[in-house]
Amino acid sequence: MPRPDVLAPIEHPLVAQILLGAPCTLDASAITECLAERGIPLDATPWDEDAGGIRRAVRGGEMRVVQLAGAVAAATLVTPMKDADWWDTSDVRAHTHMLSVRVASTEHSAASTARLLVRLTAAVLDSLEADDVPVAAVFWNNERLLPPQFVQSHATTDPALGILVGFHVGKPGTGIALYTSGLAALGLMNIEVATSDAELEAVAAVAQYWVRELIVAGPVIEDGATIGDSPANRARVTFAPASDGDERVYRFVLSDDVAAAHQAALERVKCPECGEQVDAEVMRLDFIPILQKCPACGTGPIALLVEMMNNIGGGEVTVTFETTDDEALIRLLSKHDPRFKSPVEAGNFLGGKYDGQRAVITMQRRVAGMMSAVVSRDYPSIQMTSDEALGMMDRKEGATPMFLSAPGDNTMEEAIAAARASVERFVARLESPQAGDHDFTVKVRIDDPTNGEVEHMWLGDVHREGTQFVGPLDATPRLVTNVKDGQEIRVGINEISDWGFSNGDALHGNYTVRVMMGSLPQKMQAHFKARLVPLE
């Protein structure tokens, strides 16, 4: 969903406090580099040193990071820690120092300021991680205590939903099933959802939907209105005092239809932990079913999510890194391989695998695919190669799958060459289609001169104009920034990366898909193998 900045600017700064186990040295250049990696490139204007910290102007205000030799009072942390039974917080109260991260602007919208604060905080955490500074937690807007990894992982998603806004289970006897915190910081009222017959998961889904609507559309709910465009999110809303204070909130009373709309459908699936065939509630990510909880062994989403990601990634691949810069290699692994939580762990792992010039490492295919793009962009001293195609799929809702291959992947280069050599067959079929022909498409290479990135993406509804193919981009770019989904693209007939078309259910061409078959989930492999016509 797009994130239009419809909310008004807020007068107060948004604040995050990073709780440290030791003092640190603020490295402005490292923070700037980490910000760029998280999608906020800064101009060449240097940071100013300011009262034990650094500051930098933004439109209508500033962002500032200040180190304090002190701690958040333990009493202040007690309340948010009560809901943290899933997280070991034993070292939080022992923190000795703190970084205050602040963003304020009278011109940026509240949503835009929130996104900037989240990414700035994540960039500061990235820089601390690289220097092995112990971080105990992030205390968000004096309301919520969060693990640092949670902030880092959510910095590229919707920060207002993932971090700034918290969802909390109501206390028994209050009549409240769920309530939010953090919306007041954006100039909005928080939400309380009254107890209903719906399961807590359904209540949370409704609350998350309306939080997103408030942030995207602004405060458009009227007192006493019935809102919701479907049975799954319908509610009656009143403006009411908060159940635990004088602050006003949106009080939601869910429609009776909500419970029925969110009723779980059971499917017969195999649990990857115990191997039993069970009837269970599942949600689906493309072709992959994810069990919410196995009724046979009780396995929950975490272990199953790991299994799912392994399936999506297509298992493990062997990757070769050639470099004399061991520090850069350690930094690369610690930042982009989830096995390592710090450079120390990455360095210990590298150990005997690195001979001063070369390291051969086995990793998940999905990790290697993402890492290859990072290496080509940010690590000129490292050459990364693999003999296998590295598949990386865009999982955004509605997006067309997109794949990358490692720079040294000769198989992909051969597939592209074969597609170009056979393009006349595609042209002949495009200009004189047979009965049942449809979905003529070509893959093109897109170069972005502003950031040096390259992506190969498909064009849909292709037609020929002279020596060129013309069609709209049928994918959402992940790396390049100079094109967008639906934009008309022209490419020379002999400059394509691949071609394909369908006749009924049969798929012709698709040379690059064939060589990446091993990187696909098994069900997707079966889907393509059943439809791909043998190459001539």
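Residues numbered from 1 in each chain as written. Predicted model: local features only at pLDDT ≥ 70, side-chain atom pairs only at ≥ 80, totals over all residues. Heavy atoms only, no water.

### A closer look at the packing of helix α1 (residues 28-37) against helix α3 (residues 110-130)
(1) Moving on: At a closest axis distance of 8 Å, the pairing of α1 and α3 adopts a crossing angle of 125°. Classified by the angle their axes make, α1 and α3 are oblique. Here α1 runs over α3; the crossing is right-handed. Only Arg119, Leu120, Ala123, Val124, Asp126 and Ser127 of α3 make contact with α1, whose side of the interface consists of Ala30, Ile31, Cys34 and Leu35.
(2) Moving on: Along the lines of polarity and charge, the residues of the contact of α1 with α3 split into 7 nonpolar, 1 polar and 2 charged. (Axes fitted to C-alpha atoms, helices over the stretch in contact; angles between N-to-C directions. Helix = DSSP H or I, 4+ residues; strand = E, 2+ residues; numbered from the N terminus. Parallel < 35°, antiparallel > 145°, perpendicular 65-115°, else oblique. Left-handed = near helix turned anticlockwise from the far one by under 90°. Contact = heavy atoms within 4.5 Å. Nonpolar A, V, L, I, M, F, W, Y, C, P; charged D, E, K, R; others polar.)

### Some remarks on the pairing of strand β25 (residues 498-503)
(1) Moving on: Of all 6 residues making up β25, 5 are buried, and the element is well covered by its neighbours.
(2) Moving on: Looking at chain direction, strand β20 (residues 437-447) and β25 are connected through 5 bridges and run antiparallel. The residue of β25 that forms the bridge with Val442 is Trp499.
(3) Moving on: Bridge count for β25 against strand β26 (residues 506-509) is 4 bridges, and the pairing is antiparallel. Residue pairing across strands places Gly500 opposite Gly509, the latter belonging to β26.
(4) Moving on: Counting the residues in the hairpin turn of β25 and β26 gives 2 residues, including Gly504, whose phi is positive at 65°. (Buried < 20%, exposed > 50% of the residue type's maximum accessible area, 1.4 Å probe, protein only. Pairing = 2+ DSSP bridges.)

### Focus on the nonpolar core
(1) Moving on: Grouped together as the largest cluster of nonpolar side chains are 68 residues, with contacts concentrated most on Ile18, Leu99, Leu120, Trp140, Ile191 and Phe252.
(2) Moving on: With 12 residues, the top contributor of residues to this core is α3.
(3) Moving on: Not counting residues up to four positions away in its chain, the partners in contact with Leu99 are Ala16, Gln17, Ile18, Leu20, Cys24, Leu26, Val65, Val66, Gln67, Val124 and Leu128. (Core = buried A, V, L, I, M, F, W, Y, C linked by side-chain atoms within 4.5 Å.)

### Structural notes on a negative patch on the surface
(1) Moving on: Judged by side-chain charge, Asp27, Glu33, Asp131 and Asp132 come together as a negatively charged surface patch.
(2) Moving on: As for its placement among the helices and strands, Glu33 is situated in helix α1.
(3) Moving on: Glu33 gets classed as partly exposed once you look at its relative accessible area, which sits at 43%. (Patch = residues over 30% accessible without salt bridge, like charges linked within 9 Å, V, L, I, M, F, W, Y side chains within 5 Å. Areas by Shrake-Rupley, 256 points an atom, 1.4 Å probe, with all protein chains shown as cover. Salt bridge = Lys/Arg side-chain N within 4 Å of Asp/Glu carboxyl O. Lys, Arg positive; Asp, Glu negative; His and termini not counted. Charge placed at Lys NZ, Arg CZ, Asp CG, Glu CD.)

### Observations concerning the packing of aromatic side chains
(1) Moving on: Applying the stated criterion across every chain, the model contains 11 aromatic pairs.
(2) Moving on: Among the aromatic residues, those joined into a ring-pair cluster are Phe426, Phe440, Phe469, Trp499, Phe501 and Tyr511. (Phe/Tyr/Trp six-rings, centres within 6.5 Å; stacked < 30°, edge-to-face > 60°.)

### Some words on the side chain of Ser334
(1) Moving on: Looking at the secondary structure, you find Ser334 in helix α9 (residues 326-336).
(2) Moving on: Residue classification places Ser334 among the buried positions, given a relative accessible area of 7%.
(3) Moving on: Polar side-chain contacts of Ser334 include one of 3.1 Å to the backbone oxygen of Arg331.
(4) Moving on: Ignoring anything within four residues of it in the chain, the contact list for Ser334 reads Glu129, Phe340, Ser342, Pro343 and Ala346. (Polar contact = N/O pair within 3.5 Å; in protein donor to acceptor, adjacent residues only side chain to side chain.)

### Quick notes on the pattern of salt bridges
(1) Moving on: Within this structure, the stated rule accounts for 13 salt bridges.
(2) Moving on: Arg59 is paired through a salt bridge with Glu107; the nearest N and O atoms lie 3.8 Å apart. Linking Arg59 in the loop between β3 (53-58) and β4 (61-68) with Glu107 in the loop between β5 (97-105) and α3, this pair joins segments that are 48 residues apart in sequence.
(3) Moving on: Assessed through its relative accessible area of 48%, Glu107 is described here as partly exposed.
(4) Moving on: For Arg429, the salt bridge goes to Asp437, with nearest N and O atoms at 2.7 Å. For the pair Arg429 and Asp437, one class covers both residues: buried.
(5) Moving on: Among the ionic contacts, a cluster of salt bridges with common partners joins Asp48, Arg55, Glu62 and Arg64.

### Remarks on the sheet that holds β3
(1) Moving on: One open sheet accounts for 7 strands, arranged β2-β3-β4-β5-β1-β6-β7; its pairing is antiparallel. Two strands close off the open sheet at either side, each with one partner strand: β2 (48-50) and β7 (144-146). Across the sheet, the mean angle from the axis of one strand to that of its neighbour is 20°, orientation sign disregarded.
(2) Moving on: Judged from the 7 bridges that link them, strand β1 (residues 14-20) and β5 form a sheet pairing that is antiparallel. Residue pairing across strands places Gln17 opposite Ser100, the latter belonging to β5.

### Considerations on the confidence of the model for the chain
(1) Moving on: Mean pLDDT over the chain stands at 80; residues scoring 70 or higher make up 82%.
(2) Moving on: The low-confidence segment residues 284-288 (pLDDT under 50) makes 15 contacts with residues lying over four places distant or belonging to another chain.
(3) Moving on: Ignoring residues within four places in sequence, the model shows residues 308-313, a span with pLDDT below 50, making 16 contacts including any to other chains. (pLDDT = per-residue confidence, 0-100.)

### Observations regarding the environment of Asn141
(1) Moving on: With respect to the helices and strands, Asn141 occurs in the loop between β6 (135-140) and β7.
(2) Moving on: Of the residues examined, Asn141 reaches a relative accessible area of 18% and is grouped as buried.
(3) Moving on: Not counting the four nearest positions on each side in its chain, Asn141 is found in contact with Leu14, Val15 and Ala185.

### Some thoughts on empty space enclosed by the protein
(1) Moving on: One pass over the structure, following the stated rule, counts 2 cavities of 30 Å³ or more.
(2) Moving on: Counted as a void, the second largest cavity has a volume near 30 Å³.
(3) Moving on: Residue lining of the second largest cavity: Asp126, Glu129, Ala130, Arg331, Ser334, Lys335 and Pro343, and that is the complete set.
(4) Moving on: Taken together, the elements giving at least two residues each to the lining of the second largest cavity come down to α3 and α9.
(5) Moving on: For the lining of the second largest cavity, the per-class residue count stands at 2 nonpolar, 1 polar and 4 charged. (1 Å grid on protein atoms, 1.4 Å probe; cavity = no way out; pocket = protein on both sides within 12 Å on 5 of 7 lines; lining within 4 Å. Points joined across faces, edges and corners; volume = space filled by probe spheres on them.)

### Structural notes on the sheet that holds strand β8 (residues 166-169)
(1) Moving on: The 6 strands lie next to each other as β8-β9-β10-β13-β12-β11, forming an open sheet whose pairing is mixed. Because the sheet does not close on itself, it has two edges, and the strands there are β8 and β11 (226-227).
(2) Moving on: Looking at chain direction, strand β9 (residues 176-181) and strand β10 (residues 190-194) are connected through 3 bridges and run antiparallel. Bridge pairing links Leu178 to Val193 in β10.

### Comments concerning the side chain of Thr121
(1) Moving on: Its location among the elements puts Thr121 in helix α3.
(2) Moving on: Owing to a relative accessible area of 0%, Thr121 belongs among the buried residues under this scheme.
(3) Moving on: Once residues lying within four places of it in the same chain are set aside, the contact partners of Thr121 are Ala16, Ile18, Val101, Val138, Trp140 and Val151.

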